[in-house]
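Examining the three-dimensional arrangement
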Amino acid sequence: MKILFIYLVKGYQYLISPLLGSNCRFYPSCSQYMIEAIEEHGLFKGIWLGIRRLGRCHPGCEGGMDPVPKKNSRQN
């Protein structure tokens, strides 16, 4: 299932994203973030992290560098 979702996102990157233009406020892009999150955290948590990221991608957000959190990182 994980590979299927990654291919769906890559399909979006190659087929749909070029038509929409470069509008992402973050680096890596939201679609790349989703792929990295799924690879790092697994399907369900990765999709959840990707959805949260998409929710932050709006005109009122400054954006910038926002890497996927590492699996074993602890927040202090």
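Right above here is the structure, for reference.
Residues numbered from 1 in each chain as written. Predicted model: local features only at pLDDT ≥ 70, side-chain atom pairs only at ≥ 80, totals over all residues. Heavy atoms only, no water.

1. Structural notes on unusual backbone geometry
- With an omega of 0°, the peptide bond between Tyr27 and Pro28 qualifies as cis.
- Residue position: Pro28 is located in the loop between β1 (26-27) and α2 (30-41). (Helix = DSSP H or I, 4+ residues; strand = E, 2+ residues; numbered from the N terminus.)

2. Topic: a positive patch on the surface
- A surface patch of positive charge is lined by Lys2, Lys45, Arg52 and Lys71.
- Take Lys2: it is sitting in helix α1 (residues 2-20). (Patch = residues over 30% accessible without salt bridge, like charges linked within 9 Å, V, L, I, M, F, W, Y side chains within 5 Å. Areas by Shrake-Rupley, 256 points an atom, 1.4 Å probe, with all protein chains shown as cover. Salt bridge = Lys/Arg side-chain N within 4 Å of Asp/Glu carboxyl O. Lys, Arg positive; Asp, Glu negative; His and termini not counted. Charge placed at Lys NZ, Arg CZ, Asp CG, Glu CD.)

3. Considering a nonpolar patch on the surface
- A cluster of nonpolar side chains, Tyr12, Tyr14, Leu15, Ile16 and Leu20, forms an exposed patch at the surface whose accessible area comes to about 560 Å².
- On the secondary structure map, Leu20 appears in helix α1.

4. Details of α2
- Counted at 1.5 Å a residue, the expected span for α2 with its 12 residues is 16 Å, and the 16 Å between its end C-alpha atoms agrees.
- Tucked into the core, α2 has its buried residues touching α1, β1 and α3 (43-56).
- At the C-terminal side of α2, Gly42 shows a positive phi close to 95°. (Expected span 1.5 Å × (residues − 1). Contact = heavy atoms within 4.5 Å.)

5. So, the side chain of Gln13
- Position of Gln13 among the secondary structure elements: in helix α1.
- The class of Gln13 is buried, set by a relative accessible area of 18%.
- Only 3.1 Å separates the side chain of Gln13 from the side chain of Ser31, close enough to count as a polar contact.
- Not counting residues up to four positions away in its chain, the partners in contact with Gln13 are Pro18, Ser31, Gln32 and Ile35. (Buried < 20%, exposed > 50% of the residue type's maximum accessible area, 1.4 Å probe, protein only. Polar contact = N/O pair within 3.5 Å; in protein donor to acceptor, adjacent residues only side chain to side chain.)

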